[in-house]
Amino acid sequence: MSEKKAQLSIDGIDEPIDLPVYEGSTGPDVVDVSSLVGHGVFTYDPGFMSTAACDSDITFIDGGKGILLYRGYPIEQLAEKSNFLEVCYLLLHGELPSATENQEFENRIRYHTMVDEHIHRFFRGFPSSAHPMAMLCAVVGGLSAFYHDTLDIDNPEQRIGAAHRIIAKLPTLAAMCYKHGVGQPFMYPQNDMDFSANFLHMMFGTPCEPAKVSPILAKAMDTIFLLHADHEQNASTSTVRLAGSTGANPYGCIASGIAALWGPAHGGANESVLKMLGEIGDESRIDEFILRAKNKDDPFRLMGFGHRVYKNFDPRAKVMREICDEVLEELGAHDDPLFRMARKLEKIALEDEYFIERKLYPNVDFYSGITLKAIGIPTNMFTVIFATGRTPGWIAHWNEMLSHPYRIGRPRQLYKGHTQRDYPA
Ligand code: SDX
C-alpha cells in the first residue's frame, strides 16, 4: 500500500487524525478510515456513495468515461471476441484460459449442468403463477442440501467446485422456473450443445421435437449473459460478499444475491422497462412520461436510465442496442414498435436538460428487455436471465474474498432513537 496520507481534524478531538491513503492500479484513491472507531467516531455514507467496502482485482468501471473492464479487458472487446464461458473462467481465475484450460473448463461446466432429480420436486410446491425469481431464489438456496462436497469454504478446491456447479446449474434451474410456469415438462441439458444454445433448448424445446436452436439467437443469448457477468460492488454482489463474510455456504450466498438483484432499482429494471414501455403505449405519450420522470412528486422513474456509477453511456447498453438490432433483424421484427419507441424515448431523454444535467444515460437494462422479449422470453423471466449471467461475477467475488484474510462485514450506524429510559413503574 502507498505512503500517502490524509489528515482529519474533528471538533472536540484535540489532535488531527492521520489516515493512510491507498492507491489502486487505476481509479480513485481510498482513505482507510478503519482506525476512526478508536477515536470514538464513525464515517457516515448511506448508499455507500463514497465507500470502498473491499479491494478487488476483478472488474473496474470508470463511470465518467463509460469504461467497463473484466480483469482489464474492455467489455466491448470481450463481447466481440470472447464468449460467456471463457469470461466465466476469466472472472474466476484472472486470466484468459489456454485452449486446454478452456476445453477442461467447458467440460467441467458441461458435466455439471444436470440437477439432482429430487430438485424437480421443489417446483411441485410452487403455484404455476409463482414469479420465476421467487422459485430461483428458493431452489438455488436449496442446492446446499445436496452438494455437501463443496461446502467447505476454507478449501480452495471445494470453492472452485461450488463455482463450477453454480455456473453450470443456473441455466438449468432458470429454464425449470420457466417450464413450471407454462406447465411444460422440464428439458434435460444436452451435452452436445454449447452453454447458451443449451439454455434456449431447455427453455423452448419439448420432448416432442428434436432440439433446434437458432445459432444467431444462441450467440445473442451468450453475449447477453456475458454483458451481465460482473459489475464491481453493485448491490447484489455486495450482498453476496456480506453473506459470504459470515462463512455462509456458497449456494446460500448466491441465493442472497438473487434476492437483492430482484429489486426494480437493480436487476429488476429490465422487467420494469418493458412494463414502462407498455404503460407509455404510444410514441405520442413519451413527452408525458418524460415530464412525470422529472416530477419529484411523482414516483415514476424512467426505467433503464441512470446509474450510480455511470455518468456517461453504460458501455453494455451500446452493445445491447446492437444485439437488439441484430435479433430483431434475424426475426424480421426490425420495425418492432417497442424498439422504435425505445429509440425515440432514448433520443428525447438524451436531449433533455434534466437528464443531461444529471448525466442520466441508458443503462444495460434499457435494451436487454426488448431483446429478450424478441427472443421469446417472457417479461417475468428477464431478471432470471440477469441472475444467470451475473452468477460468475457473484461467485468470483465470493471466492476472491475468501481467498484472502477477511472479517465479517458489520456496518455501524448514526443512532437517532431514544436514549436510555426506564420502563414505566
Ligand atoms: C443495474 O450498481 C450496478 O452496477 C447495477 C447494475 C449492475 O450491472 O449490477 O449496473 C445493474 O442495476 C442498472 C440500473 C437499473 N435501474 C434502473 O434503470 C432504475 C431506474 N434508475 C434509477 O432508479 C437510478 O438511476 C439508479 C437506482 C440506477 C441510481 O440511483 P442513484 O445513484 O441513487 O441516483 P439518484 O437516485 O440519487 O439520482 C440522482 C438524480 C435524482 O434527481 P435529483 O434529486 O438530483 O433532482 O437523478 C434522478 C434522481 O431523481 N434520477 C432519475 C432517474 N435516475 C435518477 N430521474 C428519472 N428517471 C431515472 N431513471
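Keep in mind the model is a prediction, meaning the values are calculated, not measured. (Residues numbered from 1 in each chain as written. Predicted model: local features only at pLDDT ≥ 70, side-chain atom pairs only at ≥ 80, totals over all residues. Heavy atoms only, no water.)

Caption draft 1: Geometry of the packing of helix H12 (residues 286-294) against helix H14 (residues 337-350). Interhelical geometry of H12 versus H14 gives an angle of 50° and a closest axis separation of 11 Å. Between H12 and H14, the angle is such that the two are oblique. The two elements H12 and H14 cross, and the hand of that crossing is right-handed. Here Ile286, Asp287 and Ile290 of H12 lie close against H14, whose contacting residues are Met341, Lys344, Leu345, Ile348 and Ala349. Tallied by class, residues from the contact of H12 with H14 come to 6 nonpolar, no polar and 2 charged. (Axes fitted to C-alpha atoms, helices over the stretch in contact; angles between N-to-C directions. Helix = DSSP H or I, 4+ residues; strand = E, 2+ residues; numbered from the N terminus. Parallel < 35°, antiparallel > 145°, perpendicular 65-115°, else oblique. Left-handed = near helix turned anticlockwise from the far one by under 90°. Contact = heavy atoms within 4.5 Å. Nonpolar A, V, L, I, M, F, W, Y, C, P; charged D, E, K, R; others polar.)

Caption draft 2: Main features of the layout of surface pockets. In this structure, the second largest pocket spans a volume of roughly 270 Å³. For the second largest pocket, the lining is made up of 18 residues, of which Leu85, Asp194, Phe195, Ser196 and Asp222 are closest to its centre. Looking at the lining of the second largest pocket, the elements with two or more residues in it are helix H2 (84-93), helix H3 (99-110), helix H7 (195-204) and helix H8 (215-227). (1 Å grid on protein atoms, 1.4 Å probe; cavity = no way out; pocket = protein on both sides within 12 Å on 5 of 7 lines; lining within 4 Å. Points joined across faces, edges and corners; volume = space filled by probe spheres on them.)

Caption draft 3: Up close: the site of the ligand. Taken together, 24 residues surround the ligand, and among them His231, His307, Arg308, Arg316 and Arg390 come closest. Side-chain polar atom of Arg308 to an oxygen atom of the ligand: 2.7 Å apart, as the coordinates give it. Within the side chain of Arg390, one N or O atom sits 2.7 Å away from an oxygen atom of the ligand. Considering the ligand on its own, with 1100 Å² of exposed area, one finds that the protein chains cover 77% of that surface. (Near = heavy atom within 4 Å. Polar contact = N/O pair within 3.5 Å; in protein donor to acceptor, adjacent residues only side chain to side chain. Areas by Shrake-Rupley, 256 points an atom, 1.4 Å probe, with all protein chains shown as cover.)

Caption draft 4: Broad picture of the pattern of salt bridges. The tally for this structure, following the rule as stated, stands at 19 salt bridges. Where Arg292 meets Glu279, a salt bridge forms, and the shortest distance between an N and an O atom there is 3.3 Å. Taken together, the residues span a long stretch of sequence, with Arg292 in helix H12 and Glu279 in helix H11 (residues 269-280) at a distance of 13 residues. According to the relative accessible area criterion, Glu279 is partly exposed, its value standing at 42%. Sharing partners across several salt bridges, the network here consists of Lys4, Glu23 and Asp29. (Salt bridge = Lys/Arg side-chain N within 4 Å of Asp/Glu carboxyl O. Buried < 20%, exposed > 50% of the residue type's maximum accessible area, 1.4 Å probe, protein only.)

Caption draft 5: Spotlight on the pairing of strand E5 (residues 67-70). Across 4 bridges, the pairing between strand E4 (residues 59-62) and E5 is antiparallel. Its bridge partner lying in E5, Phe60 is registered against Leu69. The turn linking E4 back onto E5 is made up of 4 residues, and Gly66 within it adopts a positive phi angle of 70°. When E5 meets strand E6 (residues 73-74), the two strands line up antiparallel, connected through 2 bridges. Bridging across to E6, Leu69 finds its partner in Pro74. Counting the residues between successive antiparallel strands, the hairpin from E5 to E6 contains 2 residues, one of them, Arg71, with a positive phi of roughly 50°. (Pairing = 2+ DSSP bridges.)

Caption draft 6: Looking closely at the packing of aromatic side chains. This model, assessed by the stated rule, comprises 18 aromatic pairs. Taking the centre distance of 5.4 Å and the plane angle of 85° together, the rings of Tyr89 and Phe105 count as edge-to-face. With Tyr89 in helix H2 and Phe105 in helix H3, the pair connects residues that are 16 residues apart, well separated along the chain. No difference in accessibility class separates Tyr89 from Phe105, as the two residues are buried. Taken together, the aromatic side chains of Phe305, Phe339, Tyr354, Phe355, Phe366 and Tyr367 make up a single cluster linked through ring pairs. (Phe/Tyr/Trp six-rings, centres within 6.5 Å; stacked < 30°, edge-to-face > 60°.)

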